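A structural walkthrough
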Amino acid sequence: MTQPLVIFDLDGTLIHTAPDLMASLNHAIEPVGVEPVHYDDMSFLVGRGARVMIQRALEMRERSVTAEEFETLFDRFLAFYAESMPGQSALYPGLDAAMSRLSDAGMPMAICTNKLEHLAVRLIERLGITSSFVTILGGDSIAVRKPDPEHILETIRRSGAEKAVMIGDSSNDIVAAREARVPSIAVTFGYTDIPVEQLGADHIIDHFNLLTPELINTLVDAADRKKP
Ligand SMILES: O=C(O)COP(=O)(O)O
Ligand SMILES: [Mg+2]
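Residues numbered from 1 in each chain as written. Chains lettered and ligands numbered in written order. Predicted model: local features only at pLDDT ≥ 70, side-chain atom pairs only at ≥ 80, totals over all residues. Heavy atoms only, no water.

Selection criterion: UniProt positions are given in the numbering used here, feature names are shortened, and annotations may be inferred rather than shown by experiment.
Going by an unreviewed UniProt entry, the chain carries the name Phosphoglycolate phosphatase and comes from Flavimaribacter sediminis. As recorded by UniProt, the Function (unreviewed entry) comment attached to the chain reads in full: "Specifically catalyzes the dephosphorylation of 2-phosphoglycolate. Is involved in the dissimilation of the intracellular 2-phosphoglycolate formed during the DNA repair of 3'-phosphoglycolate ends, a major class of DNA lesions induced by oxidative stress."

**Re the UniProt feature "active site" (unreviewed entry) in the chain**
Spelled out, the test is: Helix and strand assignments come from DSSP, with helices taken as H or I runs of at least 4 residues and strands as E runs of at least 2, each series counted from the N terminus. The classification of residues rests on relative accessible area computed with a 1.4 Å probe and restricted to protein chains. Under 20% of the type maximum is buried, over 50% is exposed, and intermediate values are partly exposed. In what follows, residue pairs with any heavy atoms lying within 4.5 Å of each other are defined as contacts. Two N or O atoms count as a polar contact when they lie within 3.5 Å, although within protein this holds only if one can serve as hydrogen donor and the other as acceptor, and sequence-adjacent residues are included solely when both atoms are side-chain atoms.
As recorded in UniProt, the feature "active site" (unreviewed entry) lies at Asp 9. Along the chain, the position of Asp 9 falls in the loop between strand 1 (5-8) and strand 2 (15-16). Note on Asp 9: relative accessible area 5%, which makes it buried. Every residue in contact with Asp 9, bar those within four places of it in the chain, is listed here: Leu 14, Cys 112, Thr 113, Lys 146, Met 166, Ile 167, Gly 168, Asp 169 and Asp 173. Engagement of the side chain of Asp 9 in a polar contact is seen with the side chain of Lys 146, the distance being 2.7 Å.

**Regarding the coordination of the magnesium ion (ligand 2)**
Put simply, the rule reads: Each metal's donors comprise the N, O and S atoms found within 2.8 Å of it (within 3.2 Å for Na, K or Ca). Water is not part of the atom list, so some coordination spheres may appear incomplete.
The coordination sphere of the magnesium ion (ligand 2) contains the protein donors Asp 9 (OD), Asp 11 (O) and Asp 169 (OD), at a distance range of 2.2 Å. If you list the donors of the magnesium ion (ligand 2) from N- to C-terminus, the spacing comes out as D-x1-D-x157-D. In this pair, Asp 11 sits in the loop between strand 1 and strand 2 while Asp 169 sits in the loop between strand 6 (164-168) and helix 8 (171-179), placing the two residues 158 residues apart along the sequence. Residues Asp 11 and Asp 169 agree in their burial class; the two are buried.

**Some details on unusual backbone geometry**
In this model, Met 85 is joined to Pro 86 through a cis peptide bond whose omega is 0°. With respect to the helices, strands and loops of the structure, Pro 86 is situated in the loop between helix 4 (67-84) and strand 3 (90-91). Between Lys 146 and Pro 147 the backbone carries a cis peptide bond, its omega angle lying at 15°. Take Pro 147: it is sitting in the loop between strand 5 (133-137) and helix 7 (149-159). Of note, Glu 62 is a non-glycine position whose phi angle comes to about 50°, a positive value. Looking at where Glu 62 falls in the secondary structure, it is placed in the loop between helix 3 (50-60) and helix 4.

**Topic: the pairing of strand 5**
The line we're drawing: The criterion for strand pairing is that DSSP finds at least two bridges linking the strands in question. Clockwise travel from the first strand over the helix to the second, with the strands pointing away from the viewer, marks a crossover as right-handed.
Burial analysis of strand 5 places four of its five residues in the buried class, the great majority of the element. Note: strand 4 (residues 109-112) against strand 5, four bridges, orientation parallel. Looking at strand 5, one finds that Met 109 is bridged to Phe 133. Assessed by its sense of winding, the connection that carries the chain from strand 4 through helix 6 (residues 117-126) to strand 5 is right-handed.

**Description of the site of ligand 1**
For clarity, the threshold we go by: Near residues are defined by distance, with any heavy atom within 4 Å of the molecule or strand qualifying the residue. For the accessible areas, the method is Shrake-Rupley and the probe is 1.4 Å, while residue cover comes only from the protein chains on display. Under the scheme applied, nonpolar residues are Ala, Val, Leu, Ile, Met, Phe, Trp, Tyr, Cys and Pro; charged residues are Asp, Glu, Lys and Arg; polar residues are all the others, including Gly. Domain start and stop positions are those given by an automatic or database domain assignment.
For ligand 1, the full set of nearby residues is Asp 9, Leu 10, Asp 11, Val 46, Gly 47, Arg 48, Gly 49, Thr 113, Asn 114, Lys 115 and Lys 146. Asp 9 places a side-chain nitrogen or oxygen 2.8 Å from an oxygen atom of ligand 1. Between ligand 1 and Gly 49, the relevant distance is 2.7 Å, taken from an oxygen atom to a main-chain nitrogen or oxygen of the residue. When ligand 1 is considered free in solution it has 280 Å² of accessible area, and contact with the protein chains removes 96% of it. Classifying every residue of the shell around ligand 1 by side-chain character gives two nonpolar, four polar and five charged. Lining the shell around ligand 1 are residues from two domains, each supplying at least three of them: domain 1 (5-16 + 91-226) and domain 2 (18-84).

The structure is reproduced here in structure tokens:
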């Protein structure tokens, strides 16, 4: 019997990226002369990828731009963000040990993120954790992305797994998991504008110390029992 796949979201789940995303976003929108976004705004801005982050920031500042101007801002974001990696971005506490526990139990790990694939790949490379993951799917890797369940289902298929658990910080992750009929764990330390308790995850953890192979197996077994 193969071990379940453990799928991680990236921003706000594996890696604390908000300070660098904020700096890059503020650099990107600087030419249109709006007030920079604040750190507290990031929970609302992050989650659906860089384009939506920039769009939401402009909407927050009631500023509209032409499609052409938008592409310039987007390119400014990409260049600045890629160049500054890893910046202040860091793995959340306890993640190294948690990944070792899962790996020792034979559980493969994957990333399913709405971050653009090349940015996700570059960031985990710079943080030295690439070899831990069998599959990395970004927000532009296939035609859809979270909260579309197909993003998670394709991650599972490409990993060659039969069962999986999704770990994430926002409604995109938990909704996608539920619709993919994959049990989910929500983390409390990420970026969400909806209280974590209201996301509807099967389990909540506030530290990676609590992420164990036993927890993964319990969630997979419970999900199996619910199947008709
Ligand atoms: O980049 C984003 O907006 C979200 O990325 P995530 O799916 O890894 O949280
Ligand atoms: Mg996230």
